[in-house]
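Below, each chain spelled out in residue letters.
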Amino acid sequence: MVGILFFLLFSAAYGASATGRFDEEWAKLIAAAKQEGTVAIASGGAPSRQYRPVVEVFQKKFGVKVEVSTGSATDTVNRMLAERKGGRYTVDVALISSRENNQRLVPSGSLVPLAPLLIHPEVLDTSNWYGGRHWYADKESRYTFIYHVSKEDRYETWYNTDKIKEAEIATLKKQTDFFDPRWKGKIAGQGMGDPSGIRQMIDSYFEPERGPEWVRTYLLNAGVTFTDDRRILETWVVGGRFPLQAVATGSEDLITLAKKGLPIKQIFLPKQVGLIRAGGSGCCISAFANAPHPNAAKLFVNWFLSKEGQTLTHTMIPNIDRSSLRNDVPIGEVVPDQRRAPGVEYAFPDADPKFGARQEEAQKWILKVWESRQR
């Protein structure tokens, strides 16, 4: 009995001591970050806009200015790598897709391992995370920390309700039905110059109901009209010029337009295998070597991955179509089809260290097919 009492008292004292040490370390980190004054974040696509209200909370809370890049992830990475090659180090943190991380940032030696930067107890406690662990998208499981995923147990399609009747849409039962001659010349798609477009095709390459031959037909022979500009794509579907978007991801803007009463509607077809994916610039966080503001970067990474930071990504981004891997944050604005079922385990290929190489091979094949279309 005395031994148990001693253990409990020791544990309580140790816990209080550990909390005190963290509080002291955290206060010093905040002070150092304020001294630096700025944290520069590289992002791309929709997340570069979506995260602005989230980072404003960080800015007000800690008194550290946040600079978030604009434009596509590809353009952002092009600029950063050119700067770094010239000896200029302007960015601290990346909120960039797993593809750009794995194919460009990691191989270039631009990143540092993330785990040594993690100090916040809420982040370090793996019981707070899906599967009881931290997940990484790079082959070494060191650099590209996955914090958000999309759930893919259904295929998503959008159509213009003024141009296509519900009975016609109901004939779509399987993925090859999009290749029926009735749809030729009516389908709009994201081009391979859009990071989301190439990601859609890489995912499709590995899908049991799609696969390489489906991708080849979709790109070459289905009469799809492609654009790399997602605003143009939305205009085509909403205006009815091309009333069917057979392959859709990242649909927050379309959901918003539908809620405003525009004549578009979302439908889903089931998948054989349910999985979660780390796709787009809103999936992963990484930290740059030679960061100009290392303390501000460390503070941001820990705060963003904490319960508070991840809660804000759920509550401040309307119609968000992905969800945090933290288990302890409210569902907030996450759209219903992206809410993971409690206790359900999903396949997670993007967190498989060997999957990156397979994706690179798939991308090379897809781009070769796409280039043959341009000839």
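Residues numbered from 1 in each chain as written. Predicted model: local features only at pLDDT ≥ 70, side-chain atom pairs only at ≥ 80, totals over all residues. Heavy atoms only, no water.

**Brief notes about the overall build of the protein**
Next, step 1: Of regular secondary structure, the protein possesses 14 helices and 12 strands.
Next, step 2: Taken against the 2.2 N^0.38 rule, which gives 21 Å for 375 residues, the C-alpha radius of gyration of the protein at 22 Å falls within 12% of a compact globule.
Next, step 3: Viewed in the frame of its principal axes, the protein has a C-alpha envelope of about 80 × 55 × 40 Å.
Next, step 4: Put simply, the protein has 375 residues, and 52% of those count as buried.
Next, step 5: Long-range pairs, those at least 24 residues apart, make up 77% of the contacts in the protein between residues at least 6 apart in sequence.
Next, step 6: Across the protein, the 49 positively charged side chains and the 43 negatively charged ones have centroids separated by 3 Å. (Helix = DSSP H or I, 4+ residues; strand = E, 2+ residues; numbered from the N terminus. Rg over C-alpha atoms; globule rule 2.2 N^0.38 Å. Buried < 20%, exposed > 50% of the residue type's maximum accessible area, 1.4 Å probe, protein only. Contact = heavy atoms within 4.5 Å. Lys, Arg positive; Asp, Glu negative; His and termini not counted. Charge placed at Lys NZ, Arg CZ, Asp CG, Glu CD.)

**Some points on the environment of V54**
Next, step 1: You can see V54 is positioned in helix α3 (residues 52–62).
Next, step 2: Assessed through its relative accessible area of 0%, V54 is described here as buried.
Next, step 3: With 140 residues separating them along the chain, V54 and D194 place their C-alpha atoms 25 Å apart.
Next, step 4: Residue contacts for V54: discarding those within four places in its chain leaves W303, F304, G309, L312, T313 and M316.

**Some words on the nonpolar core**
Next, step 1: In terms of nonpolar packing, the biggest core is built from 53 residues, with I146, I285, F300, F304 and L305 touching the most fellow members.
Next, step 2: Secondary-structure elements contributing two or more residues to this core are α1 (2–36), β1 (38–42), α3, β2 (65–68), β5 (145–146), β11 (284–288) and α12 (294–305).
Next, step 3: Per-element accounting of this core gives the leading share, eight residues, to α12.
Next, step 4: Sequence-distant contacts of L305, that is, excluding residues within four places in its chain, are made with L118, V123, W129, F145, Y147, I285, Q310 and R326. (Core = buried A, V, L, I, M, F, W, Y, C linked by side-chain atoms within 4.5 Å.)

**Brief notes about α12**
Next, step 1: An ideal rise of 1.5 Å per residue puts 16 Å on 12 residues; α12 measures up with 17 Å between its terminal C-alpha atoms.
Next, step 2: Among the 12 residues that make up α12, 10 are buried, leaving the element largely enclosed by the rest of the structure.
Next, step 3: Of all the residues in α12, the buried ones are A296, A297, K298, L299, F300, V301, N302, W303, F304 and L305. (Expected span 1.5 Å × (residues − 1).)

**Quick look at empty space enclosed by the protein**
Next, step 1: If you walk through the whole model with that rule in mind, you get two cavities of 30 Å³ or more.
Next, step 2: Lining the largest cavity are S98, R99, N102, Q103, R199, I202, G356, Q359 and E360.
Next, step 3: Those elements that provide at least two residues to the lining of the largest cavity are α5 (98–105), α8 (195–205) and α14 (355–374).
Next, step 4: Residue contributions to the lining of the largest cavity peak at four residues, all from α5.
Next, step 5: Here the lining of the largest cavity is composed, by residue class, of one nonpolar, five polar and three charged. (1 Å grid on protein atoms, 1.4 Å probe; cavity = no way out; pocket = protein on both sides within 12 Å on 5 of 7 lines; lining within 4 Å. Points joined across faces, edges and corners; volume = space filled by probe spheres on them. Nonpolar A, V, L, I, M, F, W, Y, C, P; charged D, E, K, R; others polar.)

**Quick look at the packing of α8 against helix α9 (residues 212–220)**
Next, step 1: The interhelical angle for the contact between α8 and α9, taken along N-to-C directions, is 145°, at an axis separation of 8 Å. Contacts between α8 and α9 involve M201, S204 and Y205 from the former and P212, W214, V215, Y218 and L219 from the latter.
Next, step 2: Here the contact of α8 with α9 is built from residues that sort into seven nonpolar, one polar and no charged. (Axes fitted to C-alpha atoms, helices over the stretch in contact; angles between N-to-C directions.)

**Regarding the pattern of salt bridges**
Next, step 1: Applying the stated criterion across every chain, the model contains 26 salt bridges.
Next, step 2: Measuring nitrogen to oxygen at the nearest pair gives 3.2 Å for the salt bridge that ties D153 to K151.
Next, step 3: Relative accessible area serves as the criterion here: at 10%, K151 is assigned to the buried category. (Salt bridge = Lys/Arg side-chain N within 4 Å of Asp/Glu carboxyl O.)

**Let's talk about the confidence of the model for the protein**
Next, step 1: For the protein, per-residue confidence averages 91 on the pLDDT scale, and residues scoring 70 or more make up 95% of the total.
Next, step 2: Confidence drops under pLDDT 50 across residues 9–14; counting only partners more than four residues distant or on other chains, this segment forms one contact. (pLDDT = per-residue confidence, 0-100.)

**A short note on the packing of α3 against α12**
Next, step 1: Close contact between α3 and α12 brings their axes to 11 Å; oriented N to C, the two are set at 120°. By the angle between their directions, the pair α3 and α12 is classed as oblique. Relative to α12, the crossing made by α3 is right-handed. Contact residues: α3 offers V54, V55, V57, F58, K61 and F62, while α12 offers A296, L299, F300, W303 and F304.
Next, step 2: Grouping the amino acids of the contact of α3 with α12 by side-chain chemistry returns 10 nonpolar, no polar and one charged. (Parallel < 35°, antiparallel > 145°, perpendicular 65-115°, else oblique. Left-handed = near helix turned anticlockwise from the far one by under 90°.)

**Remarks on unusual backbone geometry**
Next, step 1: Phi is positive for N290, close to 55°, though the residue is something other than glycine.
Next, step 2: Among the secondary structure elements, N290 is positioned in the loop between β11 and α12.
Next, step 3: In this model, N319 sits at a positive phi of 55°, which is unusual for a non-glycine residue.
Next, step 4: Summarising the element assignment, N319 is placed in the loop between α13 (307–315) and β12 (323–324).
Next, step 5: Judged by relative accessible area, N319 falls into the buried class, the value being 8%.

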